[in-house]
Amino acid sequence: MQAFERNAEYLKNELRSLKNRYIELKGDQKCEECMRSIFTEEFYLFPCSHCYHKSCLKKKMTSLKIHQDKLREVDHLDK
């Protein structure tokens, strides 16, 4: 029961802190892969502030021979 209470408290704190998390993008923000403006197509912004066009991220993951399950996870992010 104590583990449940600790987990519930942890989740409450995480949800509260989400309200204070944000990242500002510059108007000239570029895709880390192709170096074109990030705003030209769908993109992902990671907590480290790296930005990738969705298509560039998938190409990069494919070229690195990332497991197909991980590629499917990228597809599911926008659903």
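Treat the numbers as computed from the prediction; the structure is a model and nothing was measured.

Brief notes about the overall build of the chain
Here comes step 1: Within the chain, the secondary structure is distributed over three helices and two strands.
Here comes step 2: Tracing the chain from N to C terminus, the helices and strands come up as α-β-β-α-α.
Here comes step 3: The 79 residues of the chain split such that 16% are buried.
Here comes step 4: When contacts within the chain are restricted to residue pairs at least 6 apart in sequence, those whose partners lie at least 24 apart make up 14%.
Here comes step 5: For the chain, the computed accessible surface area is about 6600 Å², with 56% contributed by carbon and sulfur atoms.

A short note on the packing of aromatic side chains
Here comes step 1: Under the definition given, this model contains two aromatic pairs.
Here comes step 2: A ring pair is formed by Phe46 and Tyr52, whose centres lie 6.1 Å apart and whose planes are at 75°; its orientation type is edge-to-face.
Here comes step 3: Note on Phe46: relative accessible area 30%, which makes it partly exposed.

Criteria and thresholds
Residues numbered from 1 in each chain as written. Predicted model: local features only at pLDDT ≥ 70, side-chain atom pairs only at ≥ 80, totals over all residues. Heavy atoms only, no water. Helix = DSSP H or I, 4+ residues; strand = E, 2+ residues; numbered from the N terminus. Buried < 20%, exposed > 50% of the residue type's maximum accessible area, 1.4 Å probe, protein only. Contact = heavy atoms within 4.5 Å. Areas by Shrake-Rupley, 256 points an atom, 1.4 Å probe, with all protein chains shown as cover. Phe/Tyr/Trp six-rings, centres within 6.5 Å; stacked < 30°, edge-to-face > 60°.

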